[in-house]
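# A look at the structure
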Amino acid sequence: MHALRCAALAILAVTFAAPAVLLAQDEPRKNPAPPPQEDPAGDTAKDDGYGGTPDELRPFRGVGEPARRFFVDPPQFRGPGRDTPPPPGLTAVAIGMVAPLKGADAAAGRAMQNAARLALDEANAAGGFVGYGDAELPFELLVREEGASWGAAGDAAVELVFDHGIWGLLGGYEDTNSHVLTRVLLKVEVPNINPTGVDPTITEHNIPWLLRVRPDDRQASYRLARKVFVEDGRERVVLFRANSRYGRTGTIEFKDAARRLHKPVLLETRYETSYLPRDTAGDANWAARMERIKRLRPDAVVVWGRGGPTGTAVKALREAGIDCAIYGPDRVATQAFLKAAGDAAEGFVFTYPMDPRTGGKDWPRFHDRYRERFGDEADATAAFTYDATRMLIDAIRKAGLNRARIRDALYEIRSYEGVTGTIRFSPTQNSITPVILGHVEKGRFVFDG
Amino acid sequence: MLAPSLRNAVLAAATVVLAGAAVLALRPSAAAPSADAEEPAPVRPAAVVLDPWKRSANPRQSAIVYDRFETLGVADGLPSEHVTSVLAEGDDLYVGTDRGLAVRRGGTWTVIDESDGLSHRYVTSVARDVASDTTWVSTLKGLSRISGGDVRVYTQKNSGLVNDVIYHCVTDGPLVWCGTGAGMSVLDTRSGSWTIYDTANAIMREPWCYAIALGPQRAWIGLWGGAIAELDRRTGRWREYRDPDGEMEIDLLKDDGPIHEVTSFVAFEDGMLWQVTYFGMARYDGRSWQSFTKADAGLPGDFMQHVATRGRAAWLGTDEGFGVMRDDTVISYVRQDDGTCLVRTVKAGVEQETRTIATAPGDNYILWTFPRERDVWIATGSGLSRGIARETTDGGDDRTDGN
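Just so you know, these numbers come straight off a predicted model, no measurement behind them.

What follows covers the overall build of chain A. Across its full length, chain A carries 13 helices and 17 strands. Looking at the 449 residues of chain A, the share that counts as buried comes to 57%. By sequence separation, contacts in chain A at least 24 residues apart represent 72% of the contacts at least 6 residues apart.

The helix and strand tally for chain B stands at two helices and 31 strands. The burial tally for chain B puts 58% of its 403 residues in the buried class. Considering only contacts in chain B between residues 6 or more positions apart, those separated by 24 or more positions represent 50%. Of the accessible surface of chain B, which amounts to about 15,700 Å², a share of 51% is contributed by carbon and sulfur atoms.

Take the interface of chain A and chain B next. Opposite the 45 residues of chain A that make contact, chain B presents 48 residues. Summed over both sides, the interface between chain A and chain B buries roughly 3,900 Å², with carbon and sulfur atoms accounting for 58% of that surface. The largest per-residue losses of area from chain A upon contact with chain B belong to Arg68(A), Phe70(A) and Arg183(A), which jointly make up 20% of the total buried on that side. Close ionic contact of Asp319(B) with Arg78(A) constitutes a salt bridge, the shortest N to O distance being 2.9 Å. Taken together, the links from chain A to chain B amount to 15 residue pairs in polar contact (both at pLDDT 80 or more). Contributing elements (two or more residues each) for the side of chain A that touches chain B: strand S1 (68–69), helix H3 (152–164), helix H4 (175–188), helix H6 (245–250) and helix H7 (252–260) of chain A. The element contributing the most residues to the side of chain A that touches chain B is H4(A), with nine residues. Across the side of chain A that touches chain B, the residue classes break down as 20 nonpolar, 12 polar and 13 charged.

Residues and elements named next belong to chain B. Across the sheet, which stays open at both edges, the six strands sit in the order S23-S24-S25-S26-S27-S28 with antiparallel pairing between neighbours. Taken across any chain shown, the strands that pair with only one partner, and hence form the sheet edges, are strand S23 (304–310) and strand S28 (350–357). Ignoring which end each strand starts from, the neighbouring axes of this sheet average 15 degrees apart. With seven bridges connecting them, strand S27 (residues 341–347) and S28 associate as antiparallel partners.

As a further point, take the sheet that holds strand S2 (residues 83–89) of chain B. Residue and element names in this part refer to chain B. Judged by pairing direction, the sheet is antiparallel, and its four strands sit side by side in the order S2-S3-S4-S5 without closing on themselves. In the strand order of this sheet, the two ends are held by S2 and strand S5 (108–112), each with one partner. Sheet twist, expressed as the average angle between the axes of neighbouring strands with direction ignored, equals 15 degrees. In the sheet, strand S4 (residues 100–105) pairs with S5 via five bridges, with the strands oriented antiparallel. Looking at S5, one finds that Ala 102 is bridged to Val 111.

With that settled, consider the pairing of strand S9 (residues 237–242) of chain A. Residue and element names in this part refer to chain A. Most of S9 sits inside the fold, with six of its six residues counted as buried. Relative to strand S11 (residues 300–304), S9 runs parallel, the two sharing five bridges. Along S11, the bridge assignment pairs Val 238 with Val 301. Relative to strand S10 (residues 267–271), S9 is paired through five bridges, and the arrangement is parallel. In the strand pairing of S10, Ala 242 is matched with Tyr 271.

With that settled, consider H7(A). One full turn of an α-helix is made of 3.6 residues, so residues set three or four places apart face in the same direction. Residues and elements named next belong to chain A. What H7 keeps buried is the set Glu 253, Phe 254, Asp 256, Ala 257, Ala 258 and Arg 260. The elements touched by buried residues of H7 are helix H5 (217–231), S9, H6 and S11. Residue His 262 follows H7 closely and has a positive phi angle near 65 degrees.

Our next topic: the pattern of salt bridges. Residues and elements named next belong to chain A. For the structure shown, the criterion picks out 60 salt bridges over all chains. Among the ionic pairs, Asp 216 bridges to Arg 212, the shortest N-O distance being 3.1 Å. Side by side, Asp 216 and Arg 212 carry an identical accessibility label, which is buried. The salt bridge partner of Asp 232 is Lys 227, with a shortest N-O separation of 3.2 Å. With relative accessibility at 26%, the residue Asp 232 sits in the partly exposed group.

Quick look at the state of the cysteines now. All names here are of chain B. Evaluation of the coordinates by the stated rule reveals zero disulfides over all chains. Lacking any disulfide linkage, Cys 169 is separated from the closest cysteine sulfur, that of Cys 178, by 5.7 Å. On the accessibility criterion, Cys 169 (2% relative accessible area) is buried.

Before going further, it helps to spend a moment on the packing of aromatic side chains. In the structure shown here, the tally under the stated rule is 40 aromatic pairs over all chains. When the ring of Phe229(A) is compared with that of Phe254(A), the centres are 5.8 Å apart and the planes differ by 25 degrees; the resulting orientation is stacked. Residue Phe229(A) is located in helix H5, and its partner Phe254(A) is located in helix H7; the two are separated by 25 residues in the primary sequence. The burial state of Phe229(A) is the same as that of Phe254(A); both residues are buried. Taken together, a centroid distance of 5.8 Å and an interplanar angle of 35 degrees make the contact between Trp136(B) and Tyr154(B) tilted. In this pair, Trp136(B) is assigned in strand S7 (residues 134–139) and Tyr154(B) in strand S9 (residues 150–154), connecting sequence segments 18 residues apart. Each of the two residues, Trp136(B) as well as Tyr154(B), counts as buried. An aromatic cluster is present here, built from Phe337(A), Phe348(A), Phe350(A), Tyr352(A), Phe445(A) and Phe447(A) joined pairwise through their rings.

Residues and elements named next belong to chain B. In this structure, Lys 294 sits in helix H2 (residues 294–297). The spatial distance from the C-alpha of Lys 294 to the C-alpha of Gly 280 is 7.1 Å, given a sequence separation of 14 residues. Residues within four places of Lys 294 in sequence aside, it is in contact with Leu 299, Pro 300, Gly 301, Asp 302 and Glu 320. A polar contact of 2.8 Å, which involves the side chain of Lys 294, links it to the side chain of Glu 320.

Thresholds applied
Residues numbered from 1 in each chain as written. Chains lettered and ligands numbered in written order. Predicted model: local features only at pLDDT ≥ 70, side-chain atom pairs only at ≥ 80, totals over all residues. Heavy atoms only, no water. Helix = DSSP H or I, 4+ residues; strand = E, 2+ residues; numbered from the N terminus. Buried < 20%, exposed > 50% of the residue type's maximum accessible area, 1.4 Å probe, protein only. Contact = heavy atoms within 4.5 Å. Areas by Shrake-Rupley, 256 points an atom, 1.4 Å probe, with all protein chains shown as cover. Buried area = accessible area lost by both parts, 1.4 Å probe. Salt bridge = Lys/Arg side-chain N within 4 Å of Asp/Glu carboxyl O. Polar contact = N/O pair within 3.5 Å; in protein donor to acceptor, adjacent residues only side chain to side chain. Nonpolar A, V, L, I, M, F, W, Y, C, P; charged D, E, K, R; others polar. Pairing = 2+ DSSP bridges. Axes fitted to C-alpha atoms, helices over the stretch in contact; angles between N-to-C directions. Disulfide = S-S within 2.5 Å. Phe/Tyr/Trp six-rings, centres within 6.5 Å; stacked < 30°, edge-to-face > 60°.

Structure follows, in structure tokens:
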């Protein structure tokens, strides 16, 4: 009986092995397989607490179950197009990027471009894209300015899709532009990975063509609220934010969290970003504003805005004699902030979307290669853009040159091991990876975890 | 030193000039009006106050039960199977696709694309001024006017169009409303002047305008992030309709307002405002809101990209089929894998009837519908379909939008 079983197994082994050998001989070249992705935290497609919201911060938790919960299941693309073949005559696999190339966010735009180019060059060195007939196609990056005017990102996306046939889009950085992009991409059916946007609502629409790989201001707000109110025990908090859409939308979740912890902010007041990069002289009411904050005797001020203007605002707070703890999100934590704030930056506590002390498993290699090539230190913007680009490349290689299938491949990813660490996705394909804290010490950013 | 009388005269003249300039500056117009412009469009002071919420005693009638579908594609003359919008006038059709505008007149198809001067190949909507036989085409790269064989293009660089990405255009007498990714632009064709509505002069929190619906002395703008903005065109006043719970991830109370802040389309007719979203739909009769989803009302799907109205019914374009809602009844039409169509009738959330008919729309991915008295044109991801109502043989059809 044993001998018979062994013989049967041997026959089976030969039967299956022979075609495999034949396949190996005749098989066309294949794209490198994407690294296996696991979900260490379990199935993140099931998100009972939306956006990783702690139970105590859930909206209306005291009034029972809402009539409807959205974003429970991942959005689906149910349209046709999965059988559409690629067009003839391709010489490259084009990937688009919309990023800030000028203005206050130009440094972020440079980091995005550098990181994406690094990822694409590595992919091309490893064979580019295989699977378009016999050709081996290089990946190429096409970059456009995102913020020349309201809606410019949409114009750029239309041009990239229809004139250059991109297979996926990276960006944007400024959240207004990202919103404009999303709706355009629903029309033209091209996947978009957002590596840098912070507005929580970017992924709150059910459009099935968008992923975000970095944790947003919802995660930053939850972590800051815990730090400010629970860990540091602050009671009298003033919110001092940029008079901009970023300042308005970024602080919504923090204010909600403060209220739900029964410690609503005492005052929300604003600074104009148009003059604060230089000084406070452009604001005739500045002194009165400072006096108003002082009179409230806050034990913490939470600032929210771009680095440079917020640095000037923090410096002015200190000069006005407001010496309480100051907190803010990662977009404050820039070199421009340190420069503008000077000594006033000392002790500033901030959130950060990744842990640069450890990163992911390839973080040291990425960091070294980035510095070697661009002569600059890779920051979170660069690191998340690198991860986003690699995810897109992997999806294109897996799905082939079909946008709907590339989208499907991206939406299959529940978590991703990148240079930034493990990225966990919510059902809206938004990163719900926890953020870390850091502080400024002797003029440098120190990361605490 | 000027004499007092002269100084007073200069001051008076300066006051007039400055006041005039101030009036002009306050006008939300991108271009100076020409001399024959009658009044600031599109706000029109009127002595008579109309109630937009008043229901008509004789609303437009329509069949809402279709027993047969036929589908046109590339083989029939369309430039693409990806149909984005449709407008019908008698036997004439104006069909937007991702490869240009297809026009069927006198049974003959003509395709107008970029080679003919169309501003972009991707057409998002079509509007008509029948009196002047002018066709307005919104695209992802500007507005095109087709008249007398000529195509004229309006972009943000040569006109008061606030952004080139236009999601919807509507004609309203001499006005052409364009909902764009950066605000609402309105062209007054009499003067050539443009009016822009955005976060600077309207109630919008964000300027992302996706659809426009017009009613008696009112305009409603479907917004991404802000639900619906209403302009009283008689007074110029704005009002907003928002989801009161203020949270994107929930709808706290079912019938307390728009179902979500992200509106994908709006329509208005006979005293009813309809909002569709990617989460379901809502309607407002001037007093109260009601909202509906696939789960609780039998909609074919919750991801909705278009709503059209006729009489008291609304035609719903979803990514899982199309449906018609009248009062509390929803009839959904969903294509099956074998090419047949599952027709399901749900009344007040309770299933009434399910049946299968032999033909179906070309695809369940519906981007636009254009209902008429006895048929409906349907823009799908796989062709242009037409739903045809059962022929009446007994002098009436109780399954129409009769009242």
